[in-house]
Amino acid sequence: ECEKSVQEEVVDFALSSGPIDTKKFDAVLVFSCKNVLVVNNKHPLARKQTILISDLKNVPLAIRTKETNSTKTLFALCKKEGFEPSIFSYVDDLRLAIYLAEINQSCGIMNSTTAEKITTCNLKLVPFEDEEMDWNIYLIKNKDTVFSKETKDFADLLISTNF
């Protein structure tokens, strides 16, 4: 939706998760953190220090909708490894992914900033080793768009903010 709104000039710029199509948009990275696998302590993957995409083969996952860039990246990386991810559930609310991991029905995938707020003792957060699985937020605008002074000042403020 963010990319569509920028492309259709509904808004001058937007914050959008990566990866970004840099043929369509100019993009500036404003925030980055690791994506993590949220896993029950009893799950075999809880013993790992980091997760590889290949570790996800046949692992039931609870993830955000297919429309997110992170989900698209996950599917592409799994395909590159020769398998399709096993989706237990698509969730709109990440609390459901956490609950499903708590009862050991599936593993969740979310960014570490969100996941670190989990206060349950029977879950482990295992970071992805692959940098393509990092969660990156970009300020995007259409190529060659020239901002007004006010818009540029606001964009510069967002870029300079230490999230």
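The coordinates are above.
This report concerns the structure included in the present document. (Residues numbered from 1 in each chain as written. Predicted model: local features only at pLDDT ≥ 70, side-chain atom pairs only at ≥ 80, totals over all residues. Heavy atoms only, no water.)

Concerning the layout of surface pockets
- Quantified by volume, the largest pocket comes out at close to 650 Å³.
- Taken together, 23 residues line the largest pocket, and the ones lying closest to its centre are Ser 17, Glu 67, Thr 68, Asn 69 and Ser 70.
- Put simply, the parts of the chain that give the lining of the largest pocket at least two residues each are helix 1 (2-7), strand 1 (14-17), helix 2 (69-80), strand 6 (107-111) and strand 8 (135-142).
- The biggest single contributor to the lining of the largest pocket is helix 2, with five residues.
- Taken together, the residues of the lining of the largest pocket break down into nine nonpolar, eight polar and six charged. (1 Å grid on protein atoms, 1.4 Å probe; cavity = no way out; pocket = protein on both sides within 12 Å on 5 of 7 lines; lining within 4 Å. Points joined across faces, edges and corners; volume = space filled by probe spheres on them. Helix = DSSP H or I, 4+ residues; strand = E, 2+ residues; numbered from the N terminus. Nonpolar A, V, L, I, M, F, W, Y, C, P; charged D, E, K, R; others polar.)

Here's the deal with helix 5 (residues 149-160)
- Spanning 12 residues, helix 5 covers 16 Å between terminal C-alpha atoms, matching the ideal 16 Å at 1.5 Å per step.
- Inspection of helix 5 places Thr 151, Ala 155 and Leu 158 among the buried residues, and these make up the whole buried set. Buried positions in helix 5, seen along its axis, are confined to an arc of 60° and lie on one side of it. What points out from helix 5, more than 90 degrees from its buried face, is the exposed set Lys 149, Glu 150 and Ser 160.
- Structurally, helix 5 contributes buried residues whose contacts are with strand 2 (25-33) and strand 8. (Expected span 1.5 Å × (residues − 1). Buried < 20%, exposed > 50% of the residue type's maximum accessible area, 1.4 Å probe, protein only. Arc of directions from axis to C-beta. Contact = heavy atoms within 4.5 Å.)

Details of the pairing of strand 3 (residues 35-40)
- A large share of strand 3 lies buried, amounting to six of its six residues.
- In strand 3, alternate side chains face the same way, and those of Asn 35, Leu 37 and Val 39 on one face and Val 36, Val 38 and Asn 40 on the other are all buried.
- Relative to strand 6, strand 3 runs antiparallel, the two being bridged by four bridges. By the bridge assignment for strand 6, Val 36 is matched with Met 110. (Pairing = 2+ DSSP bridges.)

With respect to the side chain of Thr 73
- You can see Thr 73 is positioned in helix 2.
- We classify Thr 73 as buried; its relative accessible area is 11%.
- Those residues in contact with Thr 73, other than ones at most four positions away along the chain, are Pro 19, Glu 132 and Met 133.

Regarding the sheet that holds strand 3
- Here we have five strands laid out as an open sheet, ordered 5-4-6-3-7, and mixed in their pairing. In this open sheet, the two edge strands, each paired with only one partner strand, are strand 5 (86-90) and strand 7 (123-127). The sheet shows a mean angle of 35° between the axes of neighbouring strands, direction not considered.
- Two elements, strand 4 (residues 60-63) and strand 6, share two bridges in a ladder whose sense is parallel. Across the sheet, residue Leu 61 finds its bridge partner in strand 6, namely Cys 107.
- Across the sheet, helix 2 is in contact with strand 3, strand 4, strand 5 and strand 6; its angle to strand 4 comes to roughly 160°.
- Strands strand 3, strand 4, strand 5, strand 6 and strand 7 of the sheet are contacted by helix 3 (residues 94-102), whose axis makes an angle of about 140° with strand 6. (Axes fitted to C-alpha atoms, helices over the stretch in contact; angles between N-to-C directions.)

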